[in-house]
Amino acid sequence: MPRLSVWMVHSSLIYLIVGFSIGAALLVHKGVALNPAFMYRGGYALWNLLPAHIEFLMFGWIVNLIFGVAYWILPRFSLPPRRGNTVLAVVAFGLLNFGIILSAVSPFLKTLPWLVILGRAFQVGGVLAFVLHAWPRVKAARIM
Amino acid sequence: MPVLTRWFIKASLIYFLAALFIGLLMAAGNIWDLSIFIRGIAPVYTHLFLLGWVSQLIFGVIYWMFPKASTQRPRGKEILAWSVFCLLNIGLILRVIAEPIFSYNPSVLLGWMLMISAILQWLAGLIFVINTWGRVKVR
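Cut-offs applied
- Every chain's residues receive numbers from 1 upward, in the order its sequence appears when written.
- Each chain takes a letter, starting from A, and each ligand takes a number, starting from 1, following the order in which they are written.
- With pLDDT at 70 or above as the cut-off, local features in this predicted model cover only qualifying residues; side-chain atom pairs require 80 or more to be listed or tallied, and sums for whole chains, interfaces and linings still use all residues.
- The side-chain figures draw on all heavy atoms in the structure; neither hydrogens nor water molecules are used.
- Under the scheme used here, helices are H or I runs from DSSP no shorter than 4 residues and strands are E runs no shorter than 2 residues, and both carry numbers assigned from the N terminus.
- Think of it in three bands: residues with accessible area under 20% of the maximum for their type are buried, residues over 50% are exposed, and the middle band is partly exposed, with areas taken using a 1.4 Å probe on protein chains only.
- Residue contacts are counted whenever heavy atoms from the two residues lie within 4.5 Å of one another.
- The pLDDT value tells you how sure the predictor is about a given residue, anywhere from 0 up to 100.
- When two parts are put together, the accessible area they lose, computed with a 1.4 Å probe and summed over both, is reported as buried area.
- Each reported salt bridge corresponds to a side-chain nitrogen of Lys or Arg within 4 Å of a carboxyl oxygen of Asp or Glu.
- For the purposes of these results, a polar contact is taken to be a pair of N or O atoms within 3.5 Å, where, inside protein, one atom must be able to donate a hydrogen and its partner to accept one; residues adjacent in sequence count only when each atom of the pair is a side-chain atom.
- Side-chain classes follow a simple rule in which Ala, Val, Leu, Ile, Met, Phe, Trp, Tyr, Cys and Pro form the nonpolar group, Asp, Glu, Lys and Arg form the charged group, and the remainder, Gly included, forms the polar group.
- To pair, rings of Phe, Tyr and Trp, with the six-membered ring standing in for Trp, must have centres within 6.5 Å; the planes then decide the type, stacked if under 30 degrees apart, edge-to-face if over 60, and tilted in the middle.
- Only when the NZ atom of a Lys or the CZ atom of an Arg is both within 6 Å of the ring centre and within 35 degrees of the ring normal do we say a charge sits over the ring.
- For a helix, the expected span equals 1.5 Å multiplied by the number of residues minus one.
- Using a 1 Å grid laid over the protein atoms alone, points where a 1.4 Å probe fits but cannot get out form a cavity; open sets with protein on both sides within 12 Å along at least 5 of 7 lines form a pocket; any residue with an atom within 4 Å of a point counts as lining.
- Grid points are joined across faces, edges and corners, and a volume is the space filled by probe spheres set on the points.

K.L.:
Could you clarify how one ought to interpret the environment of Thr86(A) in this entry?
P.N.:
Residues and elements named next belong to chain A. Locating Thr 86 in the fold gives a position in helix H3 (residues 86-105). Taking the relative accessible area as the measure of exposure, Thr 86 reaches 31% and is therefore partly exposed. Along the primary structure Thr 86 and Leu 4 are separated by 82 residues, whereas in three dimensions their C-alpha atoms are 8.9 Å apart. Once residues within four sequence positions are removed from consideration, Thr 86 is found in contact with Tyr 71 and His 133.

K.L.:
It is not clear to me how the confidence of the model for chain B should be interpreted in this structure. Could you clarify?
P.N.:
Close reading of the predicted structure is inappropriate where its pLDDT is low. Per-residue pLDDT for chain B has a mean of 95; in total, 100% of the residues score no lower than 70. For this predicted complex, the interface confidence reaches an ipTM of 0.94, while the overall pTM sits at 0.93.

K.L.:
It is not clear to me how the interface of chain B and chain A should be interpreted in this structure. Could you clarify?
P.N.:
Buried accessible area, meaning the area lost when the parts come together, often serves as the stated size of an interface. Across the contact, 33 residues belong to chain B and 24 residues belong to chain A. Taking both sides of the interface into account, the surface hidden between chain B and chain A amounts to around 2500 Å²; carbon and sulfur atoms contribute 80%. For the pair chain B and chain A, the number of links is one salt bridge. Lys30(A) serves as the salt-bridge partner of Glu99(B), at 2.6 Å between the closest nitrogen and oxygen. Connecting chain B to chain A are five residue pairs in polar contact (both at pLDDT 80 or more). Mapped by element, the contributors of at least two residues to the side of chain B that touches chain A are helix H3 (42-65), helix H4 (78-104) and helix H5 (108-133) of chain B. Examining the composition of the side of chain B that touches chain A, we find that 14 residues originate from one element, H5(B), more than from any other. The residue makeup of the side of chain B that touches chain A, split by class, is 22 nonpolar, seven polar and four charged.

K.L.:
Looking at this structure, I do not really get the packing of aromatic side chains. What am I missing?
P.N.:
The relation between two aromatic rings is expressed through the spacing of the ring centres and the mutual angle of the planes. In the structure shown here, the tally under the stated rule is 15 aromatic pairs over all chains. With a centroid separation of 5.7 Å and 85 degrees between ring planes, the pair formed by Phe16(B) and Phe49(B) is classed as edge-to-face. With Phe16(B) in helix H1 (residues 3-28) and Phe49(B) in helix H3, this pair connects stretches of sequence that are 33 residues apart. Relative accessible area serves as the criterion here: at 25%, Phe49(B) is assigned to the partly exposed category. Ring pairs connect the aromatic residues Trp61(A), Trp7(B), Phe8(B), Phe59(B), Trp82(B), Phe85(B) and Phe128(B), which therefore count as one cluster. Of note, Arg137(A) hangs over the ring of Tyr71(A), and the distance from its end group to the ring centre comes to 5.6 Å. Arg75(B) extends its terminal NZ or CZ atom over the ring of Tyr63(B), reaching a point 5.9 Å from the ring centre.

K.L.:
Would you mind showing me how to read H1(B) here?
P.N.:
In an α-helix, one turn spans 3.6 residues, which is why side chains three or four residues apart end up on the same side. Residues and elements named next belong to chain B. If you check H1, its first and last C-alpha atoms are 38 Å apart, about what 26 residues at 1.5 Å a residue would give, namely 38 Å. When we look at burial in H1, the residues that qualify are Leu 4, Thr 5, Phe 8, Ile 9, Ala 11, Ser 12, Tyr 15, Ala 19, Ile 22 and Ala 28. If you follow the buried residues of H1, they end up packed against H3 and H4.

K.L.:
What should I look at first to understand the pattern of salt bridges in this one?
P.N.:
Pairing between side chains becomes possible if they bear opposite charge and their charged atoms approach one another. Following the criterion strictly, the structure yields three salt bridges over all chains and no others. Here Arg95(B) and Glu99(B) are joined by a salt bridge, their closest N and O atoms 2.7 Å apart. Highlighted residues: Arg95(B) and Glu99(B), both in helix H4, separated by four residues, approximately one helical turn. Among the residues examined, Arg95(B) registers a relative accessible area of 8% and is labelled buried. By relative accessible area, which is 2% here, Glu99(B) ends up buried. When salt bridges with common partners are traced through the structure, they connect Lys30(A), Arg95(B) and Glu99(B) into a single cluster.

K.L.:
How should the layout of surface pockets be read in this particular structure?
P.N.:
Picture a little ball the size of a water molecule; that probe, rolled over the atoms, points out where space is still empty. Taken as a whole, the largest pocket encloses approximately 540 Å³ of empty space. Considering the residues around the largest pocket, the lining is formed by 25 residues, among which Gly23(A), His53(A), Leu57(A), His47(B) and Arg95(B) are closest to the centre. Per-element tally for the lining of the largest pocket: the top contributor is helix H2 (residues 50-73) of chain A, with seven residues. A per-class count over the lining of the largest pocket returns 16 nonpolar, six polar and three charged. Each pocket or cavity is described by its volume, and for the second largest pocket that value is around 300 Å³. Those elements that provide at least two residues to the lining of the second largest pocket are H2 of chain A together with H3 of chain B. It is H2(A) that contributes the most residues to the lining of the second largest pocket, six residues altogether. Its residues placed into classes, the lining of the second largest pocket shows twelve nonpolar, no polar and no charged.

What follows is the structure in structure tokens.
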């Protein structure tokens, strides 16, 4: 497995456990109300973590994993660079994960309403970079 | 394909069907009064789909196809991998039973079922990550 795939898949596993931990805390809190410190006027502070739970599992776990495995197993070129434009794949990894973090923290920074938009924009940029990387590799094996 | 992968994939296919069936009921609920069946069921639908179907399918395929951990233990510790399957499915089924009823008729028993479900699913994720981490390596 190439080093970039190792980064991507290890990241996806970290997101998996962090996302599961948040989900477990939310479900426990739903069934057996946790410490009042998690509550605040008008609702439950813990529920501010719901967007992070969704971001970390939908994008952090699943998309990072798909990117990592695709970078590893999509057909390679017969001449170097065998995996095509690696810079684009590295950029995709960086933008996607920066976007995930921004989107996840945005509910806690309500004074910065544009943060979630910025997070989504980084995610779009990351996916665009990965599409540009992967597009020429989706080919019959014999094509150079 | 290892036996455990077959269990993961077949279970994931059953959850896929179950999720789609619930989605069908939720859609039909817009026309007919199906509230007795679909009250509080939206989180169950989401988790059947994304955890029961998508993530469980991925768990099974990773267990099968990722690089070998070592020659002695190519797929990590088998007992850990089986425990992931059991914990995940018991936890998810507990949730499917308890969460919709809890949403309109909360009780201490159902609350504890949700807590146990959360802990079982969390343990499944943790053990999966522990057992898979070493197989993700530069060749």
